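Close look at the chain arrangement
Residues per chain, in single letters:
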Amino acid sequence: MKLHVLGCHGGEMPACRTTCFLVDDVLALDAGALTSTLSLEQLCKVDDIIVGHSHFDHVKDLPLMADLIIGRRDTPVTIHASRECARALRDNMFNNALWPDFTRIPTRKEPVLRIKPFRAGSTFQVGPYTVQSIPVHHPVESCGFVITRGRTSLAMSGDTGPTDKLWKVLNQTPTLKALLIETSFPNALQQLSDVSGHLTPRTLKSELAKFERDGCTVLLYHLKPAFVQQVKREVADLPVEVLELGDTFEF
């Protein structure tokens, strides 16, 4: 399984791009940096996008991507979103007011995009990948995921504060090779982090104590651009790696 980091920050600036990972060139995890990183040819190869929750930084490239690839694919790109997230996308993004409804353009039978809801906590198939969704702690319905192909599993926490279900699932996944986990704010902003459903280095350390990692690589993402250097200093003594734009991994 090949992983390419297109975006790994909790905000956007010239040197920071919002959450977006590309698996094997065909599966995107969140959509915060698709159109700013991929060529038109590469965009057209993306068959499926799994969205963890409805917040703007995780879905913002969906409408722009739809506009770019129209007429260039024979099949729609499928957006896999929890029921609450799918509803938010239909009501607030593809509503013909904020953006044209590309789930019905050019026709209902052959649209550019297809939104396929899943129940938070369910397991579903995306091409050759088995995807287990795990509800996590955030102000809106948010999911982490375990994505498995063959004997390799990759996990992503989604936006979350302290949680328990995620670790129970991960500890029961013997094929797990890597965990992408959010860490957004420095310790000084613990109260803000708690209220907004995110992790700091302090709470990350407590959460990792629940994890029977068994050699699994832990990769941090979603650092807020204003605090990247501070968070990096505060996680320096933890057995983790902070992701950088353009990083690639083979699992």
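Residues numbered from 1 in each chain as written. Predicted model: local features only at pLDDT ≥ 70, side-chain atom pairs only at ≥ 80, totals over all residues. Heavy atoms only, no water.

With that settled, the discussion passes to the UniProt feature "domain: Metallo-beta-lactamase" (unreviewed entry) in the protein. According to UniProt, the feature "domain: Metallo-beta-lactamase" (unreviewed entry) maps to residues 17–198 in the numbering used here. Helix and strand shares over residues 17–198 are 23% and 30% respectively, and the end C-alpha atoms of the span are 18 Å apart. (UniProt positions renumbered as here; feature names shortened; annotations may be inferred. Helix = DSSP H or I, 4+ residues; strand = E, 2+ residues; numbered from the N terminus.)

Backbone-to-backbone hydrogen bonds pair the strands of a sheet. The strands run either parallel or antiparallel. Reading across from one edge, β6-β5-β4-β3-β2-β1-β14 is the order of the seven strands in this open sheet, with mixed pairing throughout. The outermost strands of the open sheet, each flanked by one partner alone, are β6 (113–118) and β14 (248–250). On average, adjacent strands in this sheet sit at an angle of 20° to one another, irrespective of strand direction. In this structure, strand β2 (residues 20–23) lies alongside strand β3 (residues 27–29), joined through three bridges in antiparallel fashion. Along β3, the bridge assignment pairs Leu 22 with Ala 28. On top of the sheet, helix α4 (residues 83–92) reaches β4 (48–51), β5 (77–82) and β6; it is set at about 120° to β5, its chief contact. (Pairing = 2+ DSSP bridges. Axes fitted to C-alpha atoms, helices over the stretch in contact; angles between N-to-C directions. Contact = heavy atoms within 4.5 Å.)

Once that is clear, we can look at the sheet that holds strand β8 (residues 129–136). One open sheet holds the seven strands; their spatial order is β7-β8-β9-β10-β11-β12-β13, and the pairing between them is mixed. At either margin of the open sheet sits one strand with a lone partner, and together these are β7 (123–126) and β13 (241–242).

To continue, consider unusual backbone geometry. With an omega dihedral of 0°, the bond running from Ile 105 to Pro 106 counts as a cis peptide bond. Within the secondary structure layout, Pro 106 lies in the loop between α4 and β6. Despite not being glycine, Asn 96 has its phi angle at roughly 65°, a positive value. Mapping Asn 96 onto the fold places it in the loop between α4 and β6. On the basis of relative accessible area, Asn 96 is assigned to the exposed category, the value being 58%. Phi angles above zero are rare outside glycine, and Asp 214 is one such case at about 50°. Along the polypeptide, Asp 214 turns up in the loop between α7 (201–208) and β12 (217–221). (Buried < 20%, exposed > 50% of the residue type's maximum accessible area, 1.4 Å probe, protein only.)

This part takes up the environment of Val 140. Locating Val 140 in the fold gives a position in the loop between β8 and β9 (142–149). When the C-alpha positions of Val 140 and Gly 197 are compared, they lie 9.2 Å apart, and in sequence the two are 57 residues distant. Setting aside chain neighbours within four positions, we find Val 140 in contact with His 53, Ser 54, His 55 and Glu 84.

The next point concerns the pairing of β7. Side-chain alternation along β7 places Phe 124 and Val 126 on a buried face and Thr 123 and Gln 125 on a face that remains uncovered. The pairing of β7 with β8 spans four bridges and is antiparallel. Opposite Gln 125, over in β8, you have Thr 130 as the bridge partner. Counting the residues between successive antiparallel strands, the hairpin from β7 to β8 contains two residues, one of them, Gly 127, with a positive phi of roughly 55°.

In this section: α4. Along α4, the residues that are buried comprise Cys 85, Ala 86, Ala 88 and Leu 89. All buried residues of α4 lie within an arc of 160° about the axis, which places them on one face of the element. (Arc of directions from axis to C-beta.)

Attention now goes to the nonpolar core. Counting residues in hydrophobic clusters, the biggest one holds 30 residues, and the most contacted among them are Leu 34, Ile 49, Leu 62, Met 65, Leu 89 and Leu 113. At the level of secondary structure, the elements contributing two or more residues to this core comprise β2, α1 (40–45), β4, α3 (61–69), β5, α4 and β6. Here this core gets four residues from one element, more than from any other, and that element is α3. The residues touching Met 65, leaving out its near neighbours within four places in the chain, are Leu 34, Thr 35, Leu 43, Val 46, Ile 49 and Val 77. (Core = buried A, V, L, I, M, F, W, Y, C linked by side-chain atoms within 4.5 Å.)

Turning our attention to the packing of aromatic side chains. According to the stated counting rule, one finds six aromatic pairs in the structure shown. Aromatic side chains Phe 249 and Phe 251 sit 5.8 Å apart centroid to centroid with 10° between the ring planes, which places their arrangement in the stacked category. Here Phe 249 falls in the buried class, since its relative accessible area comes to 15%. Aromatic rings pair up to connect Phe 118, Phe 124 and Phe 145 into one cluster. (Phe/Tyr/Trp six-rings, centres within 6.5 Å; stacked < 30°, edge-to-face > 60°.)

So, about the pattern of salt bridges. Using the criterion set out here, one finds nine salt bridges in the structure. Glu 12 serves as the salt-bridge partner of Lys 60, at 3.2 Å between the closest nitrogen and oxygen. Of this pair, Lys 60 sits in the loop between α2 (56–59) and α3 while Glu 12 sits in the loop between β1 (2–7) and β2, placing them 48 residues apart in sequence. Residue Glu 12 is classed as partly exposed on the basis of its relative accessible area of 48%. With a closest N to O distance of 2.7 Å, Glu 244 and Lys 232 form a salt bridge. Residue Glu 244 is located in the loop between β13 and β14, and its partner Lys 232 is located in helix α8 (residues 228–234); the two are separated by twelve residues in the primary sequence. Residues joined in a network through salt bridges with shared partners are Glu 12, Lys 60 and Asp 61. (Salt bridge = Lys/Arg side-chain N within 4 Å of Asp/Glu carboxyl O.)

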